[in-house]
Amino acid sequence: MSKTILIVEGDANQSRTLASVLEARGFRVEETLDGKGSPDTIRSLRPDLVLMAVDLSAGQNGYILCGKLKKDDELKSVPLVIVGNPDGFNQHRKLKTHADDYVSKPIEEAALLDAVGGLIGLPDAAGGGDDFGST
C-alpha cells in the first residue's frame, strides 16, 4: 500500500507540480488549497506526511498552521515539511513547534524527495527506474 502525502498549497499550479513529482515516485497524493481547513483534512485523511506551503490563500500562514498542528495531540505525530522561501526557515527552526523538514522554493525534485524520503521513506520507483538518482 502506497504512502499518502497531503499537499497544502495556495497555488494550484505549484500543488499540481509537486503532486506530479510525488506520484511519479509512487506516492498517493491528496491536495488542498484550504490552509484553514487543513487540520480537519488531516484528521479525516490520516496522511503519512503533510507538505505545507508557507504562503497560503485567505491570509493563512504555513508556519502558524504548523505550530497549531504540532500542538494538537491527535496530529502532532504526522511529519510535516514546510515549503517556501528559505529566509524564514532559521527563525522557525528555533521554535518548539517547528516543522520536521524544510524545502526551499524554487523546489528542486531531489531536495523534495530527500526531505520526504528522510521522514517516511521512498517507495520503489513506479517505472522501476530511478529517475532522481540514488538516495
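This report concerns the structure included in the present document. These figures come from a predicted structure and were not determined experimentally.

### A few points about helix H3 (residues 62-71)
Most of H3 is tucked away: seven of the 10 residues are buried. Residues of H3 that are buried make contact with helix H2 (38-45), strand S3 (49-53), strand S4 (80-84), helix H4 (89-93) and strand S5 (101-104). Between the side-chain oxygen of the N-cap and the backbone nitrogen of tyrosine 63 there are 2.7 Å, and the N-cap of H3 in question is asparagine 61.

### A word on the pairing of strand S1 (residues 4-8)
Counted residue by residue, S1 has five buried out of five residues, so it is predominantly covered. Here S1 runs beside strand S2 (residues 28-32); their pairing, made up of five bridges, is parallel. What sits directly across from leucine 6, in S2, is glutamate 30. Note that the unit made of S1, helix H1 (residues 12-24) and S2 has a crossover that is right-handed. Where S1 meets S3, four bridges bridge the pair, whose relative direction is parallel. Looking at the pairing, isoleucine 7 lines up with leucine 51 of S3.

### A word on the nonpolar core
Membership of the largest hydrophobic core comes to 19 residues, with the highest contact counts inside it found for Ile42, Val50, Met52, Leu80 and Ile82. If one sorts the elements of this core by residue count, H3 sits on top with four residues. Sequence-distant contacts of valine 50, that is, excluding residues within four places in its chain, are made with Leu6, Val8, Ile42, Val78, Pro79, Leu80 and Val81.

Criteria and cut-off values
- Residues numbered from 1 in each chain as written.
- Predicted model: local features only at pLDDT ≥ 70, side-chain atom pairs only at ≥ 80, totals over all residues.
- Heavy atoms only, no water.
- Buried < 20%, exposed > 50% of the residue type's maximum accessible area, 1.4 Å probe, protein only.
- Helix = DSSP H or I, 4+ residues; strand = E, 2+ residues; numbered from the N terminus.
- Contact = heavy atoms within 4.5 Å.
- Polar contact = N/O pair within 3.5 Å; in protein donor to acceptor, adjacent residues only side chain to side chain.
- Pairing = 2+ DSSP bridges.
- Right-handed = clockwise from strand over helix to strand, strands pointing away.
- Core = buried A, V, L, I, M, F, W, Y, C linked by side-chain atoms within 4.5 Å.

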